[in-house]
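Coordinate inspection notes
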Amino acid sequence: MQRRTALAAPLIGGTALALSTVADRAEAQPAGVAFDEMLIPGSQAGTQIYLRNKRPEGSAAPRPDRVILCVHGATYPASTAFDLALSGVSWMDYMAGRGFDVWSLDLVGYGRSTRPPADTAPPPTRGEGAVADIGAALKHIREARGVQKTGLIGWSWGTALVARFATDNPGLVDRLVLNAPLWLRDASNRGAVPVPDGPLSAYRTVTRAQARERWMNGVPDNKRAGLIPPGWFEHWADTTFATDPEGARQVPSVLRAPNGVLQDLRDYWDAGKPFYDPAKVTVPALLVLGEWDRDTPPSMANTLFPLMVNSPGKRLTILAEGTHTMMLERNRGALFQAVQVFLEEAFA
């Protein structure tokens, strides 16, 4: 326990940083953390993808085992999931405070990256293209930092994308964190993210009320009031919905998300066909999720974990009182610490 505490204690400016539960909307960077952002060419001609970077301010060249790329899920961009300052600190800040060079990627159709037209058919941002954009982002990061490998953190659908990249490019990945890992779906676990029948439009929309309702799915009634500290959901919604100016003009405001992932759910996860082979994961992997996750419930992780027969040092962690969006909840510190221990651990 003492070793876990030492590994997980965040350091920014040389002092320990508490994960407070008091909402703080200030977006200034924590002391000692540098920020950068950029648009780079995507894998498809004419597209640009948005990268954000947090790292220790004024640090020397990063250690090759401390460069990380974070990839988002099916609906919300990485920039407001991994780098939303709550009580003055985002998850990316937390990792940067421990000496990591942390990047996040918004895939095509999300956040500040290129948004294909609404009449695009078939629906944009399928898994294969998303994996190619991860490759483009990692190529930029490797060249910018002079490293051969990076770590990958995926959330939800992003776990399938980073795992697929790792199985296709084992020499470019140091380790994997699968936060709320997606696996095969059946009648028992399709309800949280249903796929409509018939042809799919380019985008689906979600309102703030729908986002909150989905977030609370599976949370016991007596725990709902304390799950998200006051002001946190509103700050997340304001920041996230602002990344889609067209959706923000609607009444009520909506966030658009590409439907390529729904097509992937049809063709892969709901059809019993994995998007990647877990036996081909040959790097250390952490599967981590909250006990109240209904989008990717613990049953998925429990099924996936034993299939990763060639992952050295693999582990599965289920955290108490957290949902699919635990990184933005009161108990996010437990998630941050569990992942940090894994990121800092040396593997043979």
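Residues numbered from 1 in each chain as written. Predicted model: local features only at pLDDT ≥ 70, side-chain atom pairs only at ≥ 80, totals over all residues. Heavy atoms only, no water.

**Quick notes on the nonpolar core**
- Within the largest apolar cluster, 51 residues are counted, with the highest numbers of intra-cluster contacts made by Leu69, Ile134, Leu176 and Tyr276.
- In contact with Tyr276, not counting residues within four places along its chain, are Ala160, Ala163, Arg164, Thr167, Leu178, Trp183, Trp269, Val281, Leu304 and Met308.
- Among the nonpolar cores identified, the runner-up in size contains 44 residues, and Ile153, Trp232, Leu319 and Phe336 belong to it. (Core = buried A, V, L, I, M, F, W, Y, C linked by side-chain atoms within 4.5 Å. Buried < 20%, exposed > 50% of the residue type's maximum accessible area, 1.4 Å probe, protein only. Contact = heavy atoms within 4.5 Å.)

**Description of the sheet that holds strand E3 (residues 33–41)**
- Strands sit in the order E3-E4-E6-E5-E7-E8-E11-E12 across an open sheet of eight strands; the sheet is mixed. Lying at the two open borders of the sheet, with one neighbouring strand each, are E3 and strand E12 (315–319). Between one strand and the next, the sheet's axes are offset by a mean angle of 20 degrees, whatever the strand orientation.
- Of the pairings in the sheet, the one linking strand E8 (residues 173–179) to strand E11 (residues 285–290) comprises four bridges and is parallel in character. Residue pairing in the sheet places Leu176 in a bridge with Ala285 of E11.
- Docked against the sheet, helix H4 (residues 157–168) engages strand E5 (67–71), strand E7 (150–155) and E8, running at close to 150 degrees with respect to E7.
- Here helix H11 (residues 332–344) sits on the sheet and contacts E5, E7, E8, E11 and E12; the angle it forms with E8, its principal contact strand, is near 160 degrees. (Pairing = 2+ DSSP bridges. Helix = DSSP H or I, 4+ residues; strand = E, 2+ residues; numbered from the N terminus. Axes fitted to C-alpha atoms, helices over the stretch in contact; angles between N-to-C directions.)

**Considerations on the packing of helix H5 (residues 208–216) against helix H7 (residues 232–241)**
- Two numbers describe how H5 lies on H7: the axes approach to 11 Å, and their chain directions differ by 130 degrees. What the angle tells us is that H5 and H7 run oblique. Handedness of the crossing formed by H5 with H7: right-handed. Between H5 and H7, the residues in contact are Arg208, Ala211, Arg212 and Trp215 and Phe233, Glu234, Trp236, Ala237, Asp238 and Phe241, respectively.
- Along the lines of polarity and charge, the residues of the contact of H5 with H7 split into six nonpolar, no polar and four charged. (Parallel < 35°, antiparallel > 145°, perpendicular 65-115°, else oblique. Left-handed = near helix turned anticlockwise from the far one by under 90°. Nonpolar A, V, L, I, M, F, W, Y, C, P; charged D, E, K, R; others polar.)

**Regarding the pattern of salt bridges**
- Applying the stated rule across the entire model yields 21 salt bridges.
- Across the pair Asp83 and Arg52 runs a salt bridge, and its minimum N-O distance is 2.9 Å. Of the two residues, Asp83 is situated in the loop between E5 and helix H2 (91–97) and Arg52 in strand E4 (residues 48–56); the sequence distance between them amounts to 31 residues. Both residues of the pair, Asp83 and Arg52, count as buried.
- Taking the shortest distance from any N to any O, the salt bridge between Arg126 and Asp264 comes out at 2.5 Å. You can see Arg126 sitting in the loop between strand E6 (101–106) and helix H3 (127–145) and its partner Asp264 sitting in helix H9 (residues 260–267), a full 138 residues away along the chain.
- Using a relative accessible area of 27% as the deciding quantity, one classes Arg126 as partly exposed.
- A relative accessible area of 3% means that Asp264 is categorised as buried. (Salt bridge = Lys/Arg side-chain N within 4 Å of Asp/Glu carboxyl O.)

**A look at the packing of aromatic side chains**
- One pass over the structure, following the stated rule, counts 11 aromatic pairs.
- Both rings, one in Tyr94 and one in Phe336, keep their centres 5.2 Å apart while their planes meet at 55 degrees; by these two values the pair is tilted. Here Tyr94 is found in helix H2, whereas its partner Phe336 is found in helix H11, with 242 residues between them in sequence. Phe336 matches Tyr94 in its accessibility class, with the two residues each being buried.
- Aromatic rings pair up to connect Tyr76, Trp215, Phe233 and Trp236 into one cluster.
- A cation over an aromatic ring shows up here: Arg175 above the ring of Phe342, its NZ or CZ 5.8 Å from the ring centre. (Phe/Tyr/Trp six-rings, centres within 6.5 Å; stacked < 30°, edge-to-face > 60°. Lys NZ or Arg CZ within 6 Å of the ring centre and 35° of its normal.)

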